[in-house]
Amino acid sequence: MTTWLNMSLQDGASPIMEQLVFFHDHVLMIMLMITTTVSYMMITLIRNKQTSRFMLEGQMIETTWTIAPAIILVFIAMPSLRLLYLMDEVHNPSLTLKAVGHQWYWSYEYSDFTKLEFDSYMIPQEEQQESTFRLLDTDNRIVLPMNSPIRMIVTAADVLHSWTIPSLGVKTDATPGRLNQTSFSISRPGILYGQCSEICGAKHSFMPITIESVPAKYFINWVSKMSE
Ligand SMILES: [Cu+2]
């Protein structure tokens, strides 16, 4: 998860997020290339008198500096579109989780099991423990099996919310009267944090999302305990 002074992306906990981090770095390298070239040209322009009685036009350089940026844009667009369509795909999910945004908490429904649903409220500051993160931990964590494709259905009960887990590369709008769908698979065990990402009212900052990623057998144990 992110900590203070951490400006980069969180470590990817899903294959998609891993690819998104690679794409981010790829685009950053291209940006570095362009800023270097442009800075060099600006400094040269300032430091030299670029005048000539004989030079009236330069067809070659103008063609080059029109086509080169277009080619660079293709190198950004191709991997970007690849990721966009990969993220949109739902690959034969083994579990469906429905998240409903409320003012101001999330509630979850595991529709593959009977009567497995609960509300998830932020742990208030007075009840913090050594092991909990302020403004990020919830009283009921979502428990999910690692290494299995999961389908998320996201909706809201009152106003717009947004269900987000940065380390999974997932951000889906929660809209009243509409079911939005995304999918992911978590590649390692651990606790993943996220926050509502759509200004939804006074306590928008106090409805975090917490996922506990566990091996499949622990998940089954949890399910049987919850449905008792
Ligand atoms: Cu919200």
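The structure presented is a predicted model; accordingly, all values stated were derived computationally and were not measured.

### Notes on a nonpolar patch on the surface
Part 1: Taken together, the side chains of M33, I34, V38, M42, L45 and I46 present a nonpolar region at the surface, about 600 Å² in accessible area.
Part 2: By the secondary structure assignment, I34 is in helix α1 (residues 15-47).

### Describing the coordination of the copper ion
Part 1: Taken together, H161 (ND1), C196 (SG), C200 (SG) and M207 (SD) make up the full set of protein donors to the copper ion, lying 2.0 to 2.6 Å away.
Part 2: The site at the copper ion holds 4 donor atoms, and with the angles between them running 93 to 128°, its shape is tetrahedral.
Part 3: Mapping the donors of the copper ion onto the primary sequence yields the spacing H-x34-C-x3-C-x6-M. Of this pair, H161 sits in strand β6 (residues 161-165) while C200 is found in the loop between β9 (190-194) and β10 (209-214), placing the two residues 39 residues apart along the sequence.
Part 4: For C200, a relative accessible area of 5% gives the class buried.

### Quick look at the packing of α1 against helix α2 (residues 59-88)
Part 1: Running from N to C, α1 and α2 cross one another at 165°; their axes reach a closest spacing of 11 Å. One finds that α1 runs roughly antiparallel with respect to α2. Classified by chirality, the crossing of α2 by α1 is left-handed. Residue-level inspection shows I16, Q19, L20, F23, H26, V27, I30, M33 and I34 of α1 in contact with α2, the latter providing I72, F75, I76, P79, S80, R82, L83, L86 and M87.

### Remarks on the pairing of strand β4 (residues 142-145)
Part 1: Residues I142 and L144 line one face of β4 and the alternating positions V143 and P145 line the opposite face, and both faces are buried.
Part 2: Inspection of the sheet shows β4 paired to β10 by 4 bridges, in the parallel sense. The partner of V143 across the bridge, within β10, is E212.

### Considering the domain arrangement of the chain
Part 1: When cut into domains, the chain gives domain 1 (15-48 + 56-88) and domain 2 (95-227).
Part 2: A C-alpha centroid distance of 37 Å is found between domain 1 and domain 2.
Part 3: In this complex, domain 1 contributes 4 residues to the contact, which on the side of domain 2 involves 6 residues.
Part 4: Here domain 1 meets domain 2 over a buried area of about 370 Å², counting both sides, of which 52% is carbon and sulfur.
Part 5: In terms of surface lost to domain 2, no three residues of domain 1 exceed P15, M17 and M87, which account for 85% of the buried area on that side.
Part 6: At the junction of domain 1 with domain 2, the criterion picks out 0 salt bridges.
Part 7: Between the two partners, domain 1 and domain 2, sit 0 residue pairs in polar contact (both at pLDDT 80 or more).
Part 8: For the side of domain 1 that touches domain 2, the element with the most residues is α1, which contributes 3 residues.
Part 9: Taken together, the residues of the side of domain 1 that touches domain 2 sort by class into 4 nonpolar, no polar and no charged.

### Overview of the UniProt feature "transmembrane region" (unreviewed entry) in the chain
Part 1: Residues given the UniProt feature "transmembrane region" (unreviewed entry) here are residues 27-46 and 67-87.
Part 2: Along residues 27-46 one finds 100% helix and 0% strand; the C-alpha atoms at either end are 28 Å apart.
Part 3: Secondary structure over residues 67-87 splits into 100% helix and 0% strand, and the C-alpha atoms at its two ends are 31 Å apart.

### Observations concerning the sheet that holds strand β8 (residues 180-184)
Part 1: In space, the 5 strands of this open sheet follow the order β3-β2-β1-β5-β8, with mixed pairing throughout. Looking at strand neighbours, the two that pair on one side only are β3 (117-120) and β8, the edges of this open sheet. With direction set aside, neighbouring strand axes in the sheet form an average angle of 25°.
Part 2: As defined by bridge partners, strand β5 (residues 150-156) adjoins β8 across 5 bridges and the pair is classed as antiparallel. The partner of M152 across the bridge, within β8, is T182.

Criteria and cut-off values
Residues numbered from 1 in each chain as written. Predicted model: local features only at pLDDT ≥ 70, side-chain atom pairs only at ≥ 80, totals over all residues. Heavy atoms only, no water. Patch = residues over 30% accessible without salt bridge, like charges linked within 9 Å, V, L, I, M, F, W, Y side chains within 5 Å. Areas by Shrake-Rupley, 256 points an atom, 1.4 Å probe, with all protein chains shown as cover. Salt bridge = Lys/Arg side-chain N within 4 Å of Asp/Glu carboxyl O. Helix = DSSP H or I, 4+ residues; strand = E, 2+ residues; numbered from the N terminus. Donors = N, O, S within 2.8 Å, 3.2 Å for Na, K, Ca; no water. Tetrahedral: all angles 85-135°; square planar, octahedral: opposite > 155°, others 65-115°. Buried < 20%, exposed > 50% of the residue type's maximum accessible area, 1.4 Å probe, protein only. Axes fitted to C-alpha atoms, helices over the stretch in contact; angles between N-to-C directions. Parallel < 35°, antiparallel > 145°, perpendicular 65-115°, else oblique. Left-handed = near helix turned anticlockwise from the far one by under 90°. Contact = heavy atoms within 4.5 Å. Pairing = 2+ DSSP bridges. Domains from an automatic or database assignment. Buried area = accessible area lost by both parts, 1.4 Å probe. Polar contact = N/O pair within 3.5 Å; in protein donor to acceptor, adjacent residues only side chain to side chain. Nonpolar A, V, L, I, M, F, W, Y, C, P; charged D, E, K, R; others polar. UniProt positions renumbered as here; feature names shortened; annotations may be inferred.

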